[in-house]
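Descriptive structure summary
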Amino acid sequence: MEKLQTITEARQIISEEKLSLVYISQPTCSVCHSLKPQVEELLESYPEVKAIHLDATEIPEVSGEFQVFTVPVVLVYSEGRELIREARFVPVGELDYQLNKLQDAMNA
């Protein structure tokens, strides 16, 4: 998962990639620290998904740009269109199921 430093970089990846996952967290969030490795492990099964990480503390405009009210947040986009939004307690099994469905639909 690539950590980005600007909203501009994130916008570019989101708009250009066929499938992208945005992980938004804060350093003081214990749930964020425990969820990130789980999401990274899950993404090993989805090499075509471009995964990026944004720190809401380092980039304060993240909250407004992505309408984030709590962290962690997992957002999945296809060429700029938001398809999945999970926040706070993200069910990794459900995320896997949804990513699998998206991958199947795009490869059909």
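Residues numbered from 1 in each chain as written. Predicted model: local features only at pLDDT ≥ 70, side-chain atom pairs only at ≥ 80, totals over all residues. Heavy atoms only, no water.

Looking at an unreviewed UniProt entry, one finds the protein named Thiol reductase thioredoxin, with Salimicrobium jeotgali as its source organism.

The strand order across the open sheet formed by five strands is β1-β3-β2-β4-β5, and the pairing between neighbours is mixed. On the outer flanks of this sheet lie β1 (2-3) and β5 (81-87), each paired with one strand and no other. Looking at chain direction, strand β2 (residues 20-25) and strand β3 (residues 50-55) are connected through six bridges and run parallel. Paired with L21 across the strands is A51, a residue of β3. Relative to β3, helix α1 (residues 7-16) is tilted by about 155°, and along the sheet it contacts β1, β2, β3 and β4 (73-78). (Pairing = 2+ DSSP bridges. Helix = DSSP H or I, 4+ residues; strand = E, 2+ residues; numbered from the N terminus. Contact = heavy atoms within 4.5 Å. Axes fitted to C-alpha atoms, helices over the stretch in contact; angles between N-to-C directions.)

Glancing now at the state of the cysteines. All chains considered together, the criterion is met by one disulfide. The residue that forms a disulfide with C29 is C32, at a sulfur-sulfur distance of 2.4 Å. Because the sign of the S-S torsion sets the handedness, a value of about 90° for the bond joining C29 and C32 places this disulfide among the right-handed ones. For the pair C29 and C32, one class covers both residues: buried. (Disulfide = S-S within 2.5 Å. Buried < 20%, exposed > 50% of the residue type's maximum accessible area, 1.4 Å probe, protein only.)

Turning our attention to helix α2 (residues 30-43). Its 14 residues place the ends of α2 21 Å apart at the C-alpha level, agreeing with the 20 Å of an ideal helix rising 1.5 Å per residue. Turning to α2, its buried residues are V31, C32, L35, V39, L42 and L43. Residues of α2 that are buried sit in contact with β2, β3, β4 and α4 (92-107). (Expected span 1.5 Å × (residues − 1).)

Quick look at the packing of aromatic side chains now. The full count for this structure, using the stated rule, is one aromatic pair. Each ring, one from F66 and one from Y77, has its centre 6.5 Å from the other, and the planes form 65°; the classification is edge-to-face. Of this pair, F66 sits in helix α3 (residues 62-66) while Y77 sits in strand β4, and the two are eleven residues apart along the sequence. Across the pair, Y77 and F66 agree in class, each one buried. (Phe/Tyr/Trp six-rings, centres within 6.5 Å; stacked < 30°, edge-to-face > 60°.)

If you trace the backbone, G64 turns up in helix α3. Sequence spacing of G64 and Y46 is 18 residues, and the spatial spacing of their C-alpha atoms is 28 Å.

Before going further, it helps to examine the pairing of β4. On a regular strand, each side chain points to the face opposite its neighbour's, so the side chains alternate between the two faces of the sheet. Most of β4 sits out of view: six of its six residues are buried. The two faces of β4 match: V73, L75 and Y77 on one face and V74, V76 and S78 on the other face are all buried. Examined bridge by bridge, β2 and β4 share five bridges and lie antiparallel to one another. For L21, the partnering residue across the bridge sits in β4 and is V76. Summarising the sheet, β4 and β5 pair through six bridges and their orientation is antiparallel. Across the sheet, residue L75 finds its bridge partner in β5, namely R85. Counted between consecutive antiparallel strands, the loop separating β4 from β5 contains two residues, among which E79 sits at a positive phi close to 45°.

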